[in-house]
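# Topology and contacts: notes
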Amino acid sequence: MTDPRAWIGLLIALPLASAVASYLPLTLDRLRRLMVISAAAMLAAALVVAVSPPLRAFSVRTDVLGWASGAEALVRIDALSAVLLPFAAGLWLLTVAVTPRAALDRAQLRRTAVATLVTLAAFLTESAVALLVLWLASIWTFLSALGDPSHRHQRRIAAAYLGFSTLLFALGVVLLIGPGARSARLEALGVWLLAGAALVRKGIVPFHAWVPEVFDHGRLGPAILFSAPQLGAYVTVVLIVPHASAGLLRLIALLALGTAVYGAALALVQASARRACGYLFISQSALVMAGLDCTSERALTGGLVLWLSAGLAFAGLARCVLVLEARRGRLDLTTFHGGYARMPVLAISFLAMGLACTGFPGTLGFVGQELLVDGAVEAFPVLGFAVVLASALTGLAVLRMYFSLFCGRAETLAHAGLRLGLARREAWTFAALVFALVGFGVLPHPLVDSRIAASDDILRARSLRLPAEATPGFRPPPAGDGGQTEAGSAGARDRELDGRQPVMTHQRRTEGVEAPRGQSATMRALRVAPPDRPARNGWRPAMPARRLWHDPDSRLSSRHG
């Protein structure tokens, strides 16, 4: 079956059917089992879409949702979204498989399916109006989970911040695609408003206060499912980057790098495990935002990789805290709780996912942060070290949490029948998540190649809209094709090159292409020249190579197999 519409219908039908099934007279255990099966099937279908080239070049375009000329993709699958679909499915599977029964009743199960459906629909569209509707739907789903009177204060705080971000989003969309869309000044103002909405939703300083408060005193499960997909990052890539000026992107990167260090530092001194998770999310989310500033191809690719790694690792680590709370109650990081002997799988999973957040070698986070550091240092010679500092502080915070939650003297059982170990479903889910983070860290070729292709598409869209501020090292396609290429098509990308200078692709490796000595491993692997250094020895500023791992002399290549 090679019809993309059939696969999209299947992906949408699974969470939709699960949400409808929650109204049927099924027992809670059967409903949960049904949702676990549906989430696993959705993950399998999304992986098929991600690895099938014919399914990654589909779009339905229309111009009925805006006054600006030119059609926008109402529904599409391309290099960017193809990997985000299994990402959303994996987060749903993690939620319904490991969340304790006491924290996941019938209404909560329904909300997990609806939240997944909204996230999936958002990843399938580029329409500003559709994204605004889905943005509002995701916030409504999240706030409905805080409807209990005990969470009234947290609901009010979250509603104030997220309502403000929705207002900024709506005004930005009106200015971006409304009747005055042809005005450069109004378009610039609309992009600034959209950037503000994304910063508020992602908790970038000074709009971060709602995140730790909701994580600490609100419902932790819905907060994880709302935050981990990072819809604000998706809006940044789709709506902000193609239209934003270099100055705006530079400002976003500066705020994000500062937030990354700030969040990691505060996570290190928290007494509550929940609040520490909130600040860790702020730090990880900011690192992703810093890579999406588009001043460097390596930073953009690293940000896209880190988006997946940080989302999965953070969601798994926070779910570990939720599983521990179901067995111990509120977790205090000022004491040592012990418990490694009774829960070794959970302890190892917690440590592995925490190290993935820090960019530890052998995990997927290392690949993303390696590229991000190279790009940040090139664009910001001083602030690039903020990425390294944030990673170091995150590592200290994770180790502190691990020692407190799993080390120390053994606990005394209240009675002989008390079980602290994991259920088989929970153990297998955590083990699978750790296997994915480590597996893609050791063999990152397919995932990094797809993120390089996605960064090519993003930079191409930006260069076509803002030719006067072309990204350094990126050359737009020739004017003959009008820039109307099929998203995700490797053959279309190769045809866009004018052939005047050698380029590396999947199919061939041009002889005599050699990076100058003294370049970093990532720069040699990507074959991208820095903006301040002229081309020489037949090596030119061009799009990142479609294969990152062809260079046998690259240290990055040997490091990751």
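Because the structure is predicted, anything quoted here is derived from the model rather than measured.

### Focus: unusual backbone geometry
The step from Val-205 to Pro-206 runs through a cis peptide bond, and the omega angle for that step is 10°. You can see Pro-206 is positioned in the loop between helix H7 (184-202) and helix H8 (210-217).

### Quick notes on helix H2 (residues 28-51)
Given a rise of 1.5 Å per residue, 24 residues ought to cover 34 Å, and the 35 Å separating the end C-alpha atoms of H2 matches this to within 8%. Residues of H2 that are buried include every one of Leu-31, Arg-32, Met-35, Val-36, Ser-38, Ala-39, Met-42, Ala-45, Ala-46, Val-49 and Ala-50, and no others. Looking at the buried residues of H2, the elements they touch are helix H1 (4-21), strand S2 (72-77), helix H3 (79-98), helix H4 (106-123) and helix H17 (424-442).

### So, H4
One turn of the α-helix equals 3.6 residues, which is why residues spaced by three or four share an orientation. Taking 1.5 Å as the rise per residue, H4 with 18 residues should run 26 Å; its terminal C-alpha atoms sit 26 Å apart, in good agreement. One side-chain oxygen at the N-terminal end of H4 lies 3.4 Å from the backbone nitrogen of Ala-107; it belongs to Asp-105.

### Some thoughts on the environment of Ser-59
If you trace the backbone, Ser-59 turns up in strand S1 (residues 58-62). A relative accessible area of 28% means that Ser-59 is categorised as partly exposed. Along the backbone, Ser-59 and Thr-125 are 66 residues apart, and their C-alpha atoms lie at a distance of 9.0 Å.

### What to know about the side chain of Gln-270
Position of Gln-270 relative to the elements: it lies in the loop between helix H11 (246-267) and helix H12 (273-291). A polar side-chain atom of Gln-270 sits 2.9 Å from the main-chain carbonyl oxygen of Leu-266. The residues touching Gln-270, leaving out its near neighbours within four places in the chain, are Arg-275, Ala-276, Tyr-279, Leu-333 and Arg-400.

### Regarding the packing of aromatic side chains
Counted according to the given criterion, the structure contains 11 aromatic pairs. Where Phe-123 meets Trp-307, the ring centres are 6.4 Å apart and the plane angle is 80°; that geometry is what we call edge-to-face. Separated by 184 residues along the polypeptide, Phe-123 in helix H4 and Trp-307 in helix H13 (residues 297-328) bring together distant segments of the chain. Given the relative accessible area of 0%, Phe-123 is considered buried. Here Phe-215 and Phe-314 contribute two aromatic rings whose centre-to-centre distance is 5.9 Å and whose plane-to-plane angle is 55°, an arrangement assigned as tilted. Here Phe-215, found in helix H8, pairs with Phe-314, found in helix H13; they are 99 residues apart in sequence, far enough to count as distant. In this structure, Arg-110 is placed above the aromatic ring of Tyr-23, and the distance from its NZ or CZ to the ring centre is 4.1 Å. Sitting over the face of the ring of Trp-135, Arg-201 holds its NZ or CZ atom 4.7 Å from the ring centroid.

### Considerations on the environment of Ala-386
Looking at where Ala-386 falls in the secondary structure, it is placed in helix H16 (residues 384-406). For Ala-386, a relative accessible area of 13% puts it in the buried group. For the pair formed by Ala-386 and Leu-257, sequence separation is 129 residues and the distance between their alpha carbons is 6.1 Å. Excluding anything up to four places from it in sequence, Ala-386 contacts Leu-257 and Val-261.

Thresholds applied
The residue count restarts for each chain, going from 1 along the sequence in the order it is written. Only residues with pLDDT of at least 70 are given local features in this predicted model, and only at 80 or more are side-chain atom pairs given and counted; all residues enter the totals for whole chains, interfaces and linings. Computation of side-chain values: all heavy atoms of the structure, hydrogens and water removed. Strands are runs of DSSP state E lasting at least 2 residues, helices are runs of H or I lasting at least 4, and numbering of each runs from the N terminus. Expected span of a helix: the number of residues minus one, times 1.5 Å. Burial classes follow relative accessibility: with a 1.4 Å probe on protein chains only, a residue under 20% of its type's maximum area counts as buried, one over 50% as exposed, and anything between as partly exposed. We call two residues contacting when some pair of their heavy atoms lies within 4.5 Å. Pairs of N or O atoms within 3.5 Å make up the polar contacts considered here, provided that, within protein, one atom can donate a hydrogen while the other can accept it, and that residues adjacent in sequence are counted only when both atoms are side-chain atoms. Classification of ring pairs uses Phe, Tyr and Trp, with its six-membered ring standing for Trp, and accepts pairs whose centres are within 6.5 Å; under 30 degrees between planes counts as stacked, over 60 as edge-to-face, and the remaining range as tilted. Ring-over charges, as used throughout, are those where CZ of Arg or NZ of Lys falls within 6 Å of the ring centre and within 35 degrees of the ring normal.

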